[in-house]
Amino acid sequence: ITRMHFQWDWLCLGVLIISSVTAETENEETLDVDVEVEDFDKQSQEADIDRDTSSLGIVYQTPKPTGEVYFTETFDGVLAGWVLSKTKKEDTDDNIAKYDGRWEVEELKENTVPGDRGLVLKSVAKHHAISAMLTKAFIFDKKPLIVQYEVNFQEGIDCGGAYIKLLSSSDDLNLEYFFDKTPYTIMFGPDKCGEDYKLHFIFRHKNPKTGEYDEKHAKRPDVDLKKFYLDKKTHLYTLVLKPDNTFEMLIDQTVVSKGSLLEDVVPPVNPPKEIEDPSDKKPDDWDERPKIPDPNAVKPDDWDEDEPSKIEDPDAVKPEGWLDDEPQYVPDPNAKKPKDWDEEMDGEWEAPQIPNPKCETAPGCGHWVRPMKNNPNYKGKWKAPMIDNPNYQGIWSPRKIPNPDYFEDLHPFEMTTVSAIGLELWSMTSDIYFDNFIICSEKEVADRWAADGWGLKKLVASANEPGMFSQLVTAAEDHPWLWVLYILTLALPVGLGVLFCWPTKKTDEDIDFKKLDVSKPIPRGKLKYERDELEDDEIEEKENEDTAEDERREMEETKRELIKDTKKMGREALPSEGEVEDDDDDDEEAANEVAVGSQEDVKSNKSGSEDEVS
């Protein structure tokens, strides 16, 4: 019992230590956030621009590029350089063909960073088109292309996109006439309709033989993209194209898809060297059947194709109580003809039919028919068994010929020069937020840009997230069955804590046992063994006491008999009076010695038991 108490004490101590460590970890996380906020404050104090401070003490400053860039836009100042499209979408109803969707420059609705604004798509079920020229055109030669921007679906998204287009350079490029058919080099970004969540990367590849452009689509990412569309948080989308023809797509600086422009796009950049001959035709006698009916097979004489698959069960017996004369349905006795019923127009009125109440307690009503069962003699239509076709020639396919349109482009990275960026979108959801566009060639420049913009938004969003308790309550509101799980989860540790930590009531046996331990300390490892030994000694002591009591009674009885015999012998010898008195004293003394000896034996047994205990 003492060992068990000791283990329970250690368990309680462990629970207290874990609780303390958890609280300390939460304090450290809070401290980390404070340190990051202080770092942003130090950077802001060095800037020579207007600043705004959030309720968390975060000071925002407009990001500035730290290296060579081809385009940047923060939307924090005047919306300069952006052009709204004035044209119409082709092949569309005139009522919705115009690009008349509204754009605004606003702060985020939630997790706002004061002073940080973005471009917001405001209209529902309208076409939107807006574009801007790059600071300088990007030429695909020896430098990577990095495109990066932020998106926040502030109202979620039902059906719509948030992708961008990098418009191809041309002499006739006019941003006022930017529409869906305007030539682009790259399209990149999120798109969603129904339950189809996409992250587009499409590039237009020029056929070196014909000069025509074909769209090449990167394979879909293997990760689940759903949360990026529904969590109403600002996410960072990045596309990296390298001169070695490799690409990467990142969300929140984590790679979600990567591959090769030569191998991981559909359709492939380079056509096959050989194609099927369109003029080749399958010969009339070409046999593609791997199996054929056995021509030598004969139908057995006892095969009866006329046997039905089902027959009446001859062993079936009509259940007792079957009501043959009662119909299954009867007119409703409570039904009444409507007052506006016109028999000339509507015909003779009849009460609606209801199930016959008499049939509810009977096994059935009406004419009884034997149930059907499978016919044991049924075999169906006879067919010859199948055998391998000795004339099988395989599946026919046209012969291969050299592809007249074949070409090999080993450098698909060398795309058409880009000179503008545009958003041409349709959406059934409003308030799609765009911010902090950058086009550059250095990863460090893009990362620094992200830290000054998206990193600040992420910090504010993390600080504003509800605590664990609020998240659990919100989840239980959507799924009430979680309350049962919560209760069980809380009850289990509480119950264990009460079981192991609550002080137990001391028994008399425990007190007596501890008193015996005062004179001589007992090692903890031998505690249980000696307790069992003590109990055995107490039982033996009790048995010795019972034995001593029996011996004492026997000695008393022997003493009385000895005195009686002595007196009897004295009367027979008739000695003198003095001699009689002496003899009586001697006899009584001898009897007393015998009794005393027995009592000493009993005491010695007692002391021996006590010595063993001590």
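Residues numbered from 1 in each chain as written. Predicted model: local features only at pLDDT ≥ 70, side-chain atom pairs only at ≥ 80, totals over all residues. Heavy atoms only, no water.

The protein chain is annotated in an unreviewed UniProt entry as CLGN protein from Ciccaba nigrolineata. UniProt lists a comment for the protein chain under the heading Sequence similarities (unreviewed entry), and it reads "Belongs to the calreticulin family." Turning to the protein chain, the UniProt annotation filed under Subcellular location (unreviewed entry) states: "Endoplasmic reticulum membrane". (UniProt positions renumbered as here; feature names shortened; annotations may be inferred.)

A. Expanded view of the overall build of the protein chain. Summing up its helical and strand segments, the protein chain has 11 helices and 27 strands in all. The buried share among the 614 residues of the protein chain stands at 32%. A separation of at least 24 residues holds for 74% of the contacts in the protein chain among residues at least 6 apart in sequence. Entry remark: accessible area of the protein chain is about 40,000 Å², with carbon and sulfur atoms responsible for 52%. (Helix = DSSP H or I, 4+ residues; strand = E, 2+ residues; numbered from the N terminus. Buried < 20%, exposed > 50% of the residue type's maximum accessible area, 1.4 Å probe, protein only. Contact = heavy atoms within 4.5 Å. Areas by Shrake-Rupley, 256 points an atom, 1.4 Å probe, with all protein chains shown as cover.)

B. Molecular detail of the nonpolar core. If you look at the biggest cluster of nonpolar residues, it comprises 62 residues, and the most contacted ones within it are I186, F201, L241, L423 and F434. Not counting residues up to four positions away in its chain, the partners in contact with I186 are F140, L145, I164, K165, L166, F201, I202, F203, L239, L241 and M415. Judged by nonpolar contacts, the second largest core, of 9 residues, contains V240, I438, V445 and A446. (Core = buried A, V, L, I, M, F, W, Y, C linked by side-chain atoms within 4.5 Å.)

C. Molecular detail of the pattern of salt bridges. Under the definition given, this model contains 31 salt bridges. For K109, the salt bridge identified is with D431, shortest N-O distance 2.6 Å. Taken together, the residues K109 in the loop between strand 5 (103-107) and strand 6 (117-121) and D431 in the loop between strand 26 (418-427) and strand 27 (432-440) connect sequence positions 322 residues apart. Among the ionic pairs, K198 bridges to D196, the shortest N-O distance being 3.6 Å. (Salt bridge = Lys/Arg side-chain N within 4 Å of Asp/Glu carboxyl O.)

D. Seen up close, the state of the cysteines. Scanning the entire structure with this criterion turns up 2 disulfides. The residue that forms a disulfide with C359 is C365, at a sulfur-sulfur distance of 1.8 Å. Here the disulfide of C359 and C365 is left-handed, its torsion about the S-S bond being about -125 degrees. (Disulfide = S-S within 2.5 Å.)

E. Molecular detail of the packing of aromatic side chains. Applying the stated criterion to the full structure yields 15 aromatic pairs. Taking 5.0 Å as the distance between ring centres and 85 degrees as the angle between the ring planes, the aromatic pair formed by Y70 and F138 counts as edge-to-face. With Y70 in strand 3 (residues 69-73) and F138 in strand 7 (residues 126-138), this pair connects stretches of sequence that are 68 residues apart. A residue is classified by how much of its surface remains accessible, and F138, at 1% relative accessible area, is buried. Note on F75 and F437: the rings are 5.9 Å apart at their centroids and 75 degrees apart in plane angle, and the pair reads as edge-to-face. Residue F75 is found in the loop between strand 3 and strand 4 (82-84), and its partner F437 is found in strand 27; the two are separated by 362 residues along the sequence. Neither residue differs from the other here; F75 and F437 are each classed as buried. Above the plane of the ring of Y184 lies R204, whose end atom (NZ or CZ) is 5.7 Å from the centre. The ring of Y213 has R204 sitting right over it, with the charged end atom 4.6 Å from the ring centre. (Phe/Tyr/Trp six-rings, centres within 6.5 Å; stacked < 30°, edge-to-face > 60°. Lys NZ or Arg CZ within 6 Å of the ring centre and 35° of its normal.)

F. Seen up close, a negative patch on the surface. Together, D340, D342, E344 and D346 make up a region of like negative charge exposed at the surface. With respect to the secondary-structure elements, E344 resides in helix 4 (residues 343-346). The exposure class assigned to E344 is exposed, which follows from its relative accessible area of 75%. (Patch = residues over 30% accessible without salt bridge, like charges linked within 9 Å, V, L, I, M, F, W, Y side chains within 5 Å. Lys, Arg positive; Asp, Glu negative; His and termini not counted. Charge placed at Lys NZ, Arg CZ, Asp CG, Glu CD.)

G. Structural context of the pairing of strand 27. Across the 9 residues of strand 27, 9 count as buried, placing the element largely inside the fold. Note that strand 6 and strand 27 share 3 bridges and pair antiparallel. Each bridged residue has a counterpart across the sheet, and for L121 the counterpart in strand 27 is I432. Bridge count between strand 8 (residues 145-153) and strand 27: 7 bridges; the pairing is antiparallel. From the neighbouring strand, E150 faces strand 27, where its bridge partner is D435. (Pairing = 2+ DSSP bridges.)

H. Molecular detail of the confidence of the model for the protein chain. Looking at the protein chain, pLDDT values average 80 and 73% of them are 70 or higher. Note on residues 513-519: pLDDT is under 50 here. Beyond four places in sequence and across chains, it has 8 contacts. With pLDDT under 50 throughout, residues 590-614 is counted as low confidence; its partners more than four residues away or in other chains account for 17 contacts. (pLDDT = per-residue confidence, 0-100.)

I. Quick peek at a nonpolar patch on the surface. A cluster of nonpolar side chains, namely L492, L496 and L499, defines an oily patch on the protein surface of about 290 Å² accessible area. Residue placement: L499 occurs in helix 8 (residues 482-501).

J. Representation of the pairing of strand 7 in the model. Pairing of strand 4 with strand 7, which is carried by 3 bridges, proceeds in the antiparallel orientation. Counted as the bridge partner of W82 is A132 from strand 7. Looking at chain direction, strand 7 and strand 26 are connected through 9 bridges and run antiparallel. Residue pairing across strands places K126 opposite S427, the latter belonging to strand 26.

K. Main features of the side chain of N152. Its location among the elements puts N152 in strand 8. A relative accessible area of 3% places N152 in the buried class. Separated by 2.9 Å, the side chains of N152 and T234 make a polar contact. Setting aside chain neighbours within four positions, we find N152 in contact with L108, K232, K233, T234, D431, I432 and Y433. (Polar contact = N/O pair within 3.5 Å; in protein donor to acceptor, adjacent residues only side chain to side chain.)

L. A look at unusual backbone geometry. Across the junction of V266 and P267, the peptide omega takes the value -10 degrees, indicating a cis bond. Counting through the fold element by element, P267 comes out in the loop between strand 17 (265-266) and strand 18 (274-276). Here F75, not a glycine, exhibits a phi torsion of approximately 65 degrees, which is positive. Exposure remark for F75: the relative accessible area of 2% places this residue in the buried category. Phi at D252 takes a positive value of approximately 55 degrees, unusual for a residue other than glycine. Along the polypeptide, D252 turns up in the loop between strand 15 (246-251) and strand 16 (254-260).

M. Quick peek at the environment of D431. Under the relative-accessibility criterion, D431 is labelled buried at 6%. Taking C-alpha positions, D431 is 9.7 Å from E106, a pair spaced 325 residues apart along the chain. Setting aside its immediate chain neighbours within four residues, D431 contacts K109, V120, L121, K122, N152, Q154 and E155. Polar contacts involving the side chain of D431 include one to the side chain of K109, which spans 2.6 Å.

N. Quick peek at the environment of D100. In this fold, D100 is placed in the loop between helix 2 (94-97) and strand 5. Judged by relative accessible area, D100 falls into the partly exposed class, the value being 41%. Residues D100 and S123, 23 residues apart in the sequence, show an inter-C-alpha distance of 8.7 Å. The residues contacting D100, other than those within four sequence positions of it, are K126 and H127.

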